[in-house]
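Okay, here's what each chain looks like letter by letter:
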Amino acid sequence: MPIENIPLAAVLGSPISHSKSPTLYNYWFKKYSIRGHYIPIDVDPSNLNQILRVMPKMGFVGANVTIPHKEIVLTIADQISDRAAVIGAANTLSFTKAGKIFADNTDGEGFIENLRHHYPSWNPKEGPAIVLGAGGASRAVVSALLQNSTPEIWIANRTRARAEKMTSDFGARLRVIDWYAVSKFISEAATLVNATSLGMIGKPKLQIDLRPLSKKTLVSDLVYAPLETDLLLFAKNKGCRTVNGIGMLIHQAMPGFSRWFGTKPAIDHEIKNLLLA
Ligand code: ATR
């Protein structure tokens, strides 16, 4: 294949050096013997539009976007998926041959696929979910749970107004519960998700009384550093099914890889170890 035909993809953000996406993509290129390049690019928000417009002409087939571009990119894209529109952010951009930009958000799909990967029998319809947090990650999780017919979602967030905003954006199946009263509801949750940054290395602990937690609840933490958070450790000791955040990171990248490079990657232990190294 002549060098000019090797497809290119990138992750755009600022800062970008911490991104795990190049590690993932380069691992999959090697594993599946695919000729492609994936590079991190530090982009100032003021240059985002101009850079995205020129990328398709340079041979880029798509790009991931991360902080601080995930919301603003929706004002630049030519077409937006329904899920990106309802979440209010995109993480995966595909470029058409004519240079048009299609913006999608695969975070929620990554969340659901990761849970299904670990527990194929997990049924999102089984009962209410409690989601802690009301930021971008929470919006992606909530949108995916609703899409997968979770009957009710109870949102708790330190800043209550942000959770209230979600009820007006996502509709009647959402209900706001008080951040300080989560433990009163916890025993009824079929699924409990931490979508805050609490419990992450360098952040405060998640201080919720988890004692009423039922062993029937599936507990998922989007935090992956540390891999086993205090929340997951408590839940595991209680006998709950638990899912850490590293798989979501991998699953949210899979749709972009298969769209751009034509191969659906599989999850393996080596990639998890590489990401955690
Ligand atoms: P992301 O896009 O990863 O969701 P974010 O939009 O900054 O990031 O959201 C972070 C989430 O963690 C929010 O729900 C935030 O609560 P606020 O909306 O009140 O800021 C939550 N969070 C972060 N630090 C927190 C803390 N010390 N106590 C409680 N919640 C916290």
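Structure: above.
What this report covers is the structure whose coordinates are included nearby. Not measured: the values here are computed from a predicted model.

### Overview of the overall build of the chain
Here is step 1 of the chain: Check the secondary structure of the chain and you find 10 helices and 12 strands.
Here is step 2 of the chain: Here the C-alpha radius of gyration of the chain, 19 Å, is about what a compact globule of 277 residues would show, namely 19 Å.
Here is step 3 of the chain: Dimensions along the principal axes, computed over C-alpha positions, put the chain at roughly 60 × 40 × 35 Å.
Here is step 4 of the chain: In the chain, which comprises 277 residues, the share counted as buried stands at 52%.
Here is step 5 of the chain: Within the chain, counting contacts between residues at least 6 apart in sequence, those at least 24 apart form 65% of the total.
Here is step 6 of the chain: In the structure as shown, the chain presents an accessible area of about 13,200 Å², 53% of it carried by carbon and sulfur atoms.

### A look at the site of the ligand
Here is step 1 of the chain: As a structural note, the neighbourhood of the ligand is formed by 14 residues, with Ala134, Asn157, Arg158, Thr159 and Arg162 the closest of them.
Here is step 2 of the chain: The backbone of alanine 134 places a nitrogen or oxygen atom 3.0 Å from an oxygen atom of the ligand.
Here is step 3 of the chain: Separating an oxygen atom of the ligand from a backbone N or O atom of alanine 137 is a distance of 3.0 Å.
Here is step 4 of the chain: By residue class, the composition of the shell around the ligand is 5 nonpolar, 7 polar and 2 charged.

### Concerning the environment of aspartate 104
Here is step 1 of the chain: Mapped onto the elements of the fold, aspartate 104 is located in strand β6 (residues 101-104).
Here is step 2 of the chain: Aside from chain neighbours lying at most four places away, what touches aspartate 104 is Ser81, Arg83, Ala84, Ala90, Asn91, Thr92 and Arg259.
Here is step 3 of the chain: In terms of polar contacts, aspartate 104 uses its side chain to reach the side chain of arginine 83, at 2.8 Å.

### Description of the sheet that holds strand β1 (residues 8-13)
Here is step 1 of the chain: The strand order across the open sheet formed by 6 strands is β2-β1-β3-β5-β6-β4, and the pairing between neighbours is mixed. Only two strands of the sheet have a single partner each, and these edge strands are β2 (37-42) and β4 (79-80).
Here is step 2 of the chain: With 2 bridges connecting them, β4 and β6 associate as parallel partners. Looking at β6, one finds that isoleucine 80 is bridged to alanine 103.
Here is step 3 of the chain: In this fold helix α1 (residues 21-31) packs onto β1, β2 and β3 (60-65), with an angle of close to 170 degrees to the strand it touches most, β2.

### Brief notes about the layout of surface pockets
Here is step 1 of the chain: There is about 230 Å³ of room inside the second largest pocket.
Here is step 2 of the chain: Considering the residues around the second largest pocket, the lining is formed by 16 residues, among which Arg83, Ser143, Ala144, Gln147 and Asn148 are closest to the centre.
Here is step 3 of the chain: Elements with a minimum of two residues in the lining of the second largest pocket: α3 (82-87), α4 (107-118) and α5 (136-147).
Here is step 4 of the chain: Within the lining of the second largest pocket, the residues separate by chemical class into 6 nonpolar, 5 polar and 5 charged.
Here is step 5 of the chain: Split by domain, the residues of the lining of the second largest pocket number at least three in each of domain 1 (8-105) and domain 2 (108-247).

### Here we look at the environment of isoleucine 51
Here is step 1 of the chain: Turning to its location among the elements, isoleucine 51 is positioned in helix α2 (residues 48-54).
Here is step 2 of the chain: Using a relative accessible area of 25% as the deciding quantity, one classes isoleucine 51 as partly exposed.
Here is step 3 of the chain: A sequence separation of 39 residues divides isoleucine 51 from leucine 12, and the C-alpha atoms of the two residues are 9.7 Å apart.

### Looking at the side chain of asparagine 105
Here is step 1 of the chain: Summarising the element assignment, asparagine 105 is placed in the loop between β6 and α4.
Here is step 2 of the chain: Here alanine 89 takes part through its backbone oxygen, which lies 2.8 Å from a polar atom of the side chain of asparagine 105.
Here is step 3 of the chain: At 2.9 Å, the side chain of asparagine 105 forms a polar contact with the backbone nitrogen of aspartate 107.
Here is step 4 of the chain: Beyond its immediate stretch of four places on either side in the chain, asparagine 105 contacts Ser81, Arg83, Ala84, Ile87, Ala89, Ala90, Asn91 and Ala140.

### Some thoughts on the packing of α1 against helix α9 (residues 246-261)
Here is step 1 of the chain: As a packed pair, α1 and α9 sit with axes 10 Å apart at the nearest point and diverge in direction by 50 degrees. Between α1 and α9, the interaxial angle falls into the category oblique. In terms of crossing hand, the pair formed by α1 and α9 is right-handed. Judged by residue contacts, Leu24, Tyr25, Trp28 and Phe29 of α1 engage Leu249, Ile250, Ala253, Met254, Gly256, Phe257, Trp260 and Phe261 from α9.
Here is step 2 of the chain: Of the residues that constitute the contact of α1 with α9, the class distribution is 11 nonpolar, 1 polar and no charged.

Thresholds applied
- Residues numbered from 1 in each chain as written.
- Predicted model: local features only at pLDDT ≥ 70, side-chain atom pairs only at ≥ 80, totals over all residues.
- Heavy atoms only, no water.
- Helix = DSSP H or I, 4+ residues; strand = E, 2+ residues; numbered from the N terminus.
- Rg over C-alpha atoms; globule rule 2.2 N^0.38 Å.
- Buried < 20%, exposed > 50% of the residue type's maximum accessible area, 1.4 Å probe, protein only.
- Contact = heavy atoms within 4.5 Å.
- Areas by Shrake-Rupley, 256 points an atom, 1.4 Å probe, with all protein chains shown as cover.
- Near = heavy atom within 4 Å.
- Polar contact = N/O pair within 3.5 Å; in protein donor to acceptor, adjacent residues only side chain to side chain.
- Nonpolar A, V, L, I, M, F, W, Y, C, P; charged D, E, K, R; others polar.
- Pairing = 2+ DSSP bridges.
- Axes fitted to C-alpha atoms, helices over the stretch in contact; angles between N-to-C directions.
- 1 Å grid on protein atoms, 1.4 Å probe; cavity = no way out; pocket = protein on both sides within 12 Å on 5 of 7 lines; lining within 4 Å.
- Points joined across faces, edges and corners; volume = space filled by probe spheres on them.
- Domains from an automatic or database assignment.
- Parallel < 35°, antiparallel > 145°, perpendicular 65-115°, else oblique.
- Left-handed = near helix turned anticlockwise from the far one by under 90°.

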